[in-house]
Amino acid sequence: AEAEDVPRWLSLFRLGVFCLRPSYAAKASGLAKLGEFLAAGVPVVTNTGVGDVDRILTSERGGLVLSGLTDREFCLLDNYFIRGGNDDFGTGTYR
């Protein structure tokens, strides 16, 4: 997609999910992804340890931060958010 098309595409999202392995490169890419989702009003679910992403999400009520990437967390994510939980994603860190 061209850069000018990104807001239109993001407006179709109900939830943004990205999980990155903590690294120097992930710090920049994670903040870019997060900024695009939040600017479009899309709540985000991601993992801890990628730059300031978890601090921003928990302080700005922009989504949910997973402390690990376990099967249990992804099952809970699926049951709550994907299968009709609720759209008020609030804030916090799931542990």
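Conventions we followed
- Residues numbered from 1 in each chain as written.
- Predicted model: local features only at pLDDT ≥ 70, side-chain atom pairs only at ≥ 80, totals over all residues.
- Heavy atoms only, no water.
- Helix = DSSP H or I, 4+ residues; strand = E, 2+ residues; numbered from the N terminus.
- Contact = heavy atoms within 4.5 Å.
- Areas by Shrake-Rupley, 256 points an atom, 1.4 Å probe, with all protein chains shown as cover.
- Buried < 20%, exposed > 50% of the residue type's maximum accessible area, 1.4 Å probe, protein only.
- Polar contact = N/O pair within 3.5 Å; in protein donor to acceptor, adjacent residues only side chain to side chain.
- Patch = residues over 30% accessible without salt bridge, like charges linked within 9 Å, V, L, I, M, F, W, Y side chains within 5 Å.
- Salt bridge = Lys/Arg side-chain N within 4 Å of Asp/Glu carboxyl O.
- pLDDT = per-residue confidence, 0-100.
- Expected span 1.5 Å × (residues − 1).
- Arc of directions from axis to C-beta.

Engineer: Residue-level account of the overall build of the chain, with values.
Structural biologist: Across its full length, the chain holds four helices and four strands. Walking the chain from its N terminus toward its C terminus, one meets helices and strands in the order α-β-α-β-α-β-α-β. Considering only intrachain contacts with a sequence separation of at least 6, the fraction spanning at least 24 residues in the chain is 54%. Counting only carbon and sulfur atoms, one obtains 55% of the accessible surface of the chain, whose full area is about 5,900 Å².

Engineer: So what's going on with the side chain of Thr46? Which residues, and what values?
Structural biologist: Structurally, Thr46 can be placed in strand β2 (residues 44–47). Overall, Thr46 belongs to the buried group, its relative accessible area being 0%. Among the polar contacts listed, one links the side chain of Thr46 to the side chain of Asn47, at a separation of 3.4 Å. Among all residues touching Thr46, those that are not within four sequence positions of it are Phe18, Cys19, Val53, Leu57, Leu64, Val65 and Leu66.

Engineer: So what's going on with a nonpolar patch on the surface? Which residues, and what values?
Structural biologist: Taken together, the side chains of Trp9, Leu12 and Phe13 define a hydrophobic patch exposed on the protein surface, amounting to about 350 Å² of accessible area. Mapped onto the elements, Leu12 comes out in the loop between α1 (6–10) and β1 (16–18).

Engineer: Pulling in residues and values, what's your account of the confidence of the model for the chain?
Structural biologist: Summing up the model confidence of the chain, the mean pLDDT is 78 and the portion of residues at 70 or higher is 81%. Within the chain, no element has a lower average pLDDT than strand β4 (residues 93–94), which sits at 43, and none a higher one than α1, at 89. A low-confidence stretch, residues 87–95 (pLDDT under 50), is modelled with 30 contacts involving residues beyond four sequence positions or located in other chains.

Engineer: So what's going on with helix α2 (residues 24–39)? Residues and values would help.
Structural biologist: The terminal C-alpha atoms of α2, which comprises 16 residues, lie 23 Å apart, in line with the 22 Å expected from a rise of 1.5 Å per residue. The complete set of buried residues in α2 reads Ala26, Gly30, Leu34 and Phe37. Down the axis of α2, the buried set is contained in an arc of 65°. They therefore lie on one face. For α2, exposure combined with an orientation more than 90 degrees from the buried face picks out Tyr24, Ala25, Ala28 and Ala39. Those residues of α2 hidden inside the fold are in contact with α1, β1, β2 and α3 (53–60). At the C-terminal side of α2, Gly41 shows a positive phi close to 75°.

Engineer: An account of the side chain of Asn47 is needed here, citing residue identities and associated values.
Structural biologist: The topology assignment puts Asn47 in strand β2. Assessed through its relative accessible area of 5%, Asn47 is described here as buried. Side-chain polar atoms of Asn47 contact the backbone oxygen of Leu20, separated by 2.7 Å. Those residues in contact with Asn47 that lie beyond four places of it in its chain are Phe18, Cys19, Leu20, Pro22, Val65, Leu66 and Leu69.

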